[in-house]
Amino acid sequence: MTDSSAPQPEQRVLDNLLQGYRRFRSSGWSPHRERWERLSEGQQPEVMIVACSDSRVDPAQIFDVDPGEIFVVRNVAALVPPFETTPGHHGVSAALEFAVQVLKVKEIVVMGHGMCGGCKAALTQELHGAEPGQGGFIADWISMLDDARAPVAAEFGTTGRSAERQMEQAAVRVSLDNLMTFPCVRHKVGKGDLKLRGAFFAISDGQLHLMDEATGAFAPAS
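First things first, this report covers the structure right here in the doc.

Reading the values: rules and limits
- Residues numbered from 1 in each chain as written.
- Predicted model: local features only at pLDDT ≥ 70, side-chain atom pairs only at ≥ 80, totals over all residues.
- Heavy atoms only, no water.
- Phe/Tyr/Trp six-rings, centres within 6.5 Å; stacked < 30°, edge-to-face > 60°.
- Helix = DSSP H or I, 4+ residues; strand = E, 2+ residues; numbered from the N terminus.
- Buried < 20%, exposed > 50% of the residue type's maximum accessible area, 1.4 Å probe, protein only.
- Lys NZ or Arg CZ within 6 Å of the ring centre and 35° of its normal.
- Contact = heavy atoms within 4.5 Å.
- Polar contact = N/O pair within 3.5 Å; in protein donor to acceptor, adjacent residues only side chain to side chain.
- Salt bridge = Lys/Arg side-chain N within 4 Å of Asp/Glu carboxyl O.
- Pairing = 2+ DSSP bridges.
- Axes fitted to C-alpha atoms, helices over the stretch in contact; angles between N-to-C directions.

1. Details of the packing of aromatic side chains
Phase 1: Scanning all chains against the criterion turns up 4 aromatic pairs.
Phase 2: Ring centres 5.8 Å apart and planes at 40 degrees place the aromatic pair Phe71 and Phe98 in the tilted group. Note that Phe71 is positioned in strand S2 (residues 70-75) and Phe98 in helix H4 (residues 91-103), a separation of 27 residues in sequence.
Phase 3: On the basis of an interplanar angle of 65 degrees and a centroid distance of 6.4 Å, the ring pair of Phe200 and Phe218 is categorised as edge-to-face. Of this pair, Phe200 sits in strand S4 (residues 195-202) while Phe218 sits in strand S6 (residues 218-220), placing them 18 residues apart in sequence. Taken individually, Phe200 and Phe218 each receive the classification buried, so the pair is uniform in this respect.
Phase 4: One Lys or Arg, Arg25, reaches over the ring of Trp29 and ends 4.4 Å from the middle of that ring.

2. Notes on the side chain of Arg35
Phase 1: Tracing the backbone shows Arg35 in helix H2 (residues 33-39).
Phase 2: Those residues in contact with Arg35, other than ones at most four positions away along the chain, are Gly28, Asp66 and Pro67.

3. Topic: the environment of Arg56
Phase 1: Residue position: Arg56 is located in the loop between strand S1 (47-52) and helix H3 (59-62).
Phase 2: With relative accessibility at 42%, the residue Arg56 sits in the partly exposed group.
Phase 3: Through-space distance from the C-alpha of Arg56 to that of His113 is 9.3 Å; in sequence the pair is 57 residues apart.
Phase 4: Within the structure, the side chain of Arg56 is placed 2.7 Å from the side chain of Asp54, a separation counted as a polar contact.
Phase 5: Among the polar contacts listed, one links the side chain of Arg56 to the backbone oxygen of Met115, at a separation of 3.0 Å.

4. Section: the pattern of salt bridges
Phase 1: Throughout the structure, instances matching the rule amount to 9 salt bridges.
Phase 2: The partner of Asp58 in a salt bridge is Arg74, with the nearest N and O atoms 3.9 Å apart. Remark: Arg74 occurs in strand S2 and Asp58 occurs in the loop between S1 and H3; sequence separation between them is 16 residues.
Phase 3: Asp58 gets classed as partly exposed once you look at its relative accessible area, which sits at 30%.
Phase 4: Here Arg74 falls in the partly exposed class, since its relative accessible area comes to 32%.
Phase 5: Residues Glu213 and Lys195 are paired through a salt bridge, measuring 2.6 Å at the closest nitrogen-oxygen approach. Taken together, the positions of Glu213 in the loop between strand S5 (207-211) and S6 and Lys195 in strand S4 put the pair 18 residues apart, joining distant regions of the chain.

5. Quick look at the sheet that holds S1
Phase 1: With mixed pairing, the 6 strands of this open sheet are ordered in space as S2-S1-S3-S4-S5-S6. Edge positions in the sheet fall to S2 and S6, since each has one partner strand and no second. Sheet twist, expressed as the average angle between the axes of neighbouring strands with direction ignored, equals 25 degrees.
Phase 2: One ladder, built from 7 bridges, connects strand S3 (residues 107-113) with S4; its direction is parallel. Bridged to Val109 within S4 is Arg197.

Structure follows, in structure tokens:
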């Protein structure tokens, strides 16, 4: 016999969200009203971060920043597609254009992470051939990593953490290369008005790694 007084799953989820909202109102908004009033007039973040949608890697939490400090785009595997003018809805490209041309950010950080399901699927190709709505949208999105996958698979195989980490970090390099296909990005990087950085957050130990621009290798941040 079930307890009819017990909250239903959907109500429990909403209740948890509302509890968090109430905490935010009391400790995050009310004590900092002046800051929120300034933010209501506009935003001036200096950094754009491209990160994964994964619930474990919130850039605001990892970098311990306040609202208004970073402009964030999150998607499967933290990917930036190449510059394209074909018909379609170019969400990442629109956000990138806004950050670079309107907000005039000074840096763009592409941050991959450990245990990335999108990168793992790109490596194993487990969703290859799936129908849209059954994994096909994901498969099409992560096909951007196909060229980068080949050398990783040849040297490290397609299973295990060593291979997965190589794929996760290769994905960051792919997105950085794709960023440079955008004329507005390439122009500002060339003038010295914009800097591109690669980063990798290891979920297992909470360590942030930064990419060496010359070698493409990642090393722990000090």
